[in-house]
Amino acid sequence: MIDINEFVDRYVGVWNEPDSDARHKTITELWAEDGVEATESAEHRGHAAIEARVTDAYEEFVQTGGFVFISANDVESHHNAIKFTIRMVPASGGNTAWTALVFILLGQDGRIRYDYQFTGSADAAAPVDVSRQQDVNTRAVVEELLRRIGDGDPDRIADLFAEQVDWQVDWPVEGHPAVPWIRPRSTRADVADHFRALDAFHVPDRRGASVARILVDGKDAVVLGEISQTVKATGRAYTFPVALHVTAEDGLIIRYHVYEDSLTVAQTLADEGMHHSSTTASNG
C-alpha cells in the first residue's frame, strides 16, 4: 500500500532534483533494480540507465533550459497501475512546452517495474498555475528533509539548507547548558553541528518521529508531529510535540523555525544530569 499522490510527487520531483546524491537515492527507491523507463524512441533499463536519463533531462531542461516538470494533478490508479500527466513548463511561468502521459506498472514491493511515457499533443500547451508548482517543489523539499533526518546523516541533512539560513527556536538566546543544541543557527555548517550534537546526547538508532500533517502554501510549509528521543547517558526515553515552519527557495531551505516543548526537553536532560552526578557521588 502506498500513497499514490505522494508517489507521483516524488516521481515528478526527481526530474527537478539538483542534488545528484538525492537524485540517485530517490531513483533507487522509486524504480526496481531491473525497472524500465521507456519513451517512444528509447528504453532505459536498470538504475544506472534511468539515472543517466533523468540526469540528462535535468541538466538540459531544468538546469540550463529554465523549465520545471510538474504533475497535471490528474492521477488515476487501480491494482498495480498508475496513470497521470506530466508537464514541462517555464519556471518563471507561462505555457506548457511539453507534456506526456505517464503509465506505470508497480511490482509487489511498490517500486516501478515499467514506466512508459507517451508524448502528448500540442493542444495540451495551456497556461499553468505556477503557484501550484511552487507548492509541489516545497513539499518535495520538506519530504526529502524528513527522509534525511530519519536517515540521520548530519552532512546530508545540512546539504538541503542554504549557505545562510534563518534558524530560530522557541527558546531564550542564551540557551541552557543541558541542551546545547537548542539555540539559533545561521549557516549550513551550523545545521550539521546541530544534528551532530543531538546524536552526541541521544541514541541515534532509537530516535523516532511521526508526522501528523504537512501544510504547504507556496514557498512555506508547516510540519506538525511528535519527536521521540532516548538519552544516551541514562537510556531514558521522552516524547514531545513539535511544529516546524520551513521556507524553501530554489530547492534549498532558507528558513527553519522550530516550535517545540524545549522546556520539557531541557528539564529532562538537566534532571538526568543531576541524577547521574548524585549517583556518581554516592558510589564514590
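Bear in mind that the values here come from a model prediction, so they are computed numbers and not experimental data.

About the thresholds
- Residues numbered from 1 in each chain as written.
- Predicted model: local features only at pLDDT ≥ 70, side-chain atom pairs only at ≥ 80, totals over all residues.
- Heavy atoms only, no water.
- Core = buried A, V, L, I, M, F, W, Y, C linked by side-chain atoms within 4.5 Å.
- Buried < 20%, exposed > 50% of the residue type's maximum accessible area, 1.4 Å probe, protein only.
- Helix = DSSP H or I, 4+ residues; strand = E, 2+ residues; numbered from the N terminus.
- Contact = heavy atoms within 4.5 Å.
- Pairing = 2+ DSSP bridges.
- Axes fitted to C-alpha atoms, helices over the stretch in contact; angles between N-to-C directions.

One finds L145, F161, W167, V191, L244, I253 and Y256 to be the most contacted residues of the largest nonpolar core, which totals 30 residues. It is strand β12 (residues 237-249) that provides the largest number of residues to this core, a total of six residues. Discounting residues that sit within four places of it in the chain, W167 has contacts with F161, R183, P184, R185, V191, H194, F195 and Y256.

Attention shifts here to the sheet that holds strand β9 (residues 185-187). The sheet built from six strands is open, its strands ordered β9-β8-β13-β12-β11-β10 with mixed pairing. Each edge of the open sheet carries a strand with a single partner, namely β9 and β10 (208-217). Along the sheet, successive strands turn relative to each other by an average axial angle of 15°, direction set aside. In terms of strand pairing, β12 meets strand β13 (residues 252-260) through eight bridges, oriented antiparallel. The residue bridging H245 from the neighbouring strand is H257, located in β13.

So, on to helix α1 (residues 4-14). Of all 11 residues that make up α1, eight are buried, and the element is covered over most of its length. By the burial criterion, the buried members of α1 are F7, V8, D9, R10, Y11, V12, G13 and V14.

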